[in-house]
Amino acid sequence: MSTIANKHCLDANVLIEAWRKYYNPKFCPDYWKILIELGKQDKIFIAELVYEEIIRTEDELSKWLKGSKIPINKINESVTTCLQKIYAADPTHKNLVDNTRGRSLADPWVIAHAMCENATVVTKENKETALNSKRIKIPNVCDNM
């Protein structure tokens, strides 16, 4: 059995940063066409909370995502069980969410959805390496899991 994931769960920043910085559709429309095609092939998906995070801002990316047909995975019992495993695996994983600023709310769900689907997490986040940091990032949790 292959351990290589055939599916990929996208973090919000993969779409947001690509749209704003690297692959704006005005300059690189093929990038967005490829994402749509990968979505149709069920090779990529986004977590429900990532979808909600992006569409709450009515902008061009929001409009594109709504029409993209990229699969949006809903929270269900299996995903919730995976989230519980993430938090049970290491007490520092609770620091993935920044409750004081209301940020990173979707981050643990991205990992839980990926675990549930045996998918690879795709994020633009960098691993937190400072020893005194209370923050933890998606790559840290993925490595731990």
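Scroll up to find the structure this text is about.
Residues numbered from 1 in each chain as written. Predicted model: local features only at pLDDT ≥ 70, side-chain atom pairs only at ≥ 80, totals over all residues. Heavy atoms only, no water.

K.L.:
I'd like a rundown of the overall build of the protein chain, residues and numbers included.
P.N.:
For the protein chain, the helix and strand inventory stands at seven helices and four strands. Tracing the protein chain from N to C terminus, the helices and strands come up as β-α-α-β-α-α-β-α-α-β-α. Taken over C-alpha atoms, the radius of gyration comes to 15 Å for the protein chain, in line with the 15 Å a tight globule of 145 residues would show. Its C-alpha atoms give the protein chain principal-axis dimensions of about 45 × 40 × 25 Å. The long-range share in the protein chain, meaning contacts at least 24 apart out of those at least 6 apart in sequence, stands at 70%. Computed over 21 positive and 19 negative side-chain charges, the separation of the two mean positions in the protein chain equals 3 Å. (Helix = DSSP H or I, 4+ residues; strand = E, 2+ residues; numbered from the N terminus. Rg over C-alpha atoms; globule rule 2.2 N^0.38 Å. Contact = heavy atoms within 4.5 Å. Lys, Arg positive; Asp, Glu negative; His and termini not counted. Charge placed at Lys NZ, Arg CZ, Asp CG, Glu CD.)

K.L.:
Break down the environment of Y22 for me, citing the residues and quoting the values.
P.N.:
Here Y22 is to be found in helix α1 (residues 12–22). It is 22 Å that separates the C-alpha atoms of Y22 and K43, two residues lying 21 residues apart in sequence. Beyond its immediate chain neighbours, meaning those up to four positions away, Y22 contacts E17 and K124.

K.L.:
Describe the side chain of S68, listing the residues and the values that go with them.
P.N.:
The topology assignment puts S68 in helix α4 (residues 60–68). Reaching out from S68, the side chain makes a polar contact with the backbone oxygen of L65 at a distance of 2.9 Å. (Polar contact = N/O pair within 3.5 Å; in protein donor to acceptor, adjacent residues only side chain to side chain.)

K.L.:
A description of the nonpolar core should follow, citing residues and the corresponding values.
P.N.:
L15, W32, I46, V50, I54, L61 and W64 are the most contacted members of the largest nonpolar core, which has 37 residues in total. In terms of residues, this core owes the most to one element, α1, which gives six residues. Setting aside chain neighbours within four positions, we find L15 in contact with L10, W32, L35, I46, I54, L61, W64 and L65. (Core = buried A, V, L, I, M, F, W, Y, C linked by side-chain atoms within 4.5 Å. Buried < 20%, exposed > 50% of the residue type's maximum accessible area, 1.4 Å probe, protein only.)

K.L.:
Tell me about the packing of helix α3 (residues 48–55) against α4, and please be specific about residues and values.
P.N.:
As a packed pair, α3 and α4 sit with axes 8 Å apart at the nearest point and diverge in direction by 140°. With respect to α4, the axis of α3 lies oblique. Between α3, through Y51, I54 and I55, and α4, the contact on the second element is made entirely by L61, S62, L65 and K66. Grouping the amino acids of the contact of α3 with α4 by side-chain chemistry returns five nonpolar, one polar and one charged. (Axes fitted to C-alpha atoms, helices over the stretch in contact; angles between N-to-C directions. Parallel < 35°, antiparallel > 145°, perpendicular 65-115°, else oblique. Nonpolar A, V, L, I, M, F, W, Y, C, P; charged D, E, K, R; others polar.)

K.L.:
Describe the side chain of S62, with residues and values.
P.N.:
Relative to the helices and strands, S62 is located in helix α4. You can call S62 buried: its relative accessible area is 0%. A distance of 3.5 Å separates a polar atom in the side chain of S62 from the backbone oxygen of T57. Not counting chain neighbours up to four residues away, the residues in contact with S62 comprise I54, I55 and T57.

K.L.:
How would you summarise the pattern of salt bridges if you had to cite specific residues and measurements?
P.N.:
Per the counting criterion, the structure on display carries seven salt bridges. Put simply, K7 and E117 hold a salt bridge, and the shortest N to O gap is 2.9 Å. Of the two residues, K7 sits in the segment before β1 (8–10) while E117 sits in helix α6 (residues 107–117), which places them 110 residues apart along the sequence. With a shortest N-O distance of 3.9 Å, E48 and K74 are connected by a salt bridge. Of this pair, E48 sits in helix α3 while K74 sits in the loop between β3 (72–73) and α5 (77–89), and the two are 26 residues apart along the sequence. (Salt bridge = Lys/Arg side-chain N within 4 Å of Asp/Glu carboxyl O.)

Don't take any of this as a statement about function, it's just geometry.
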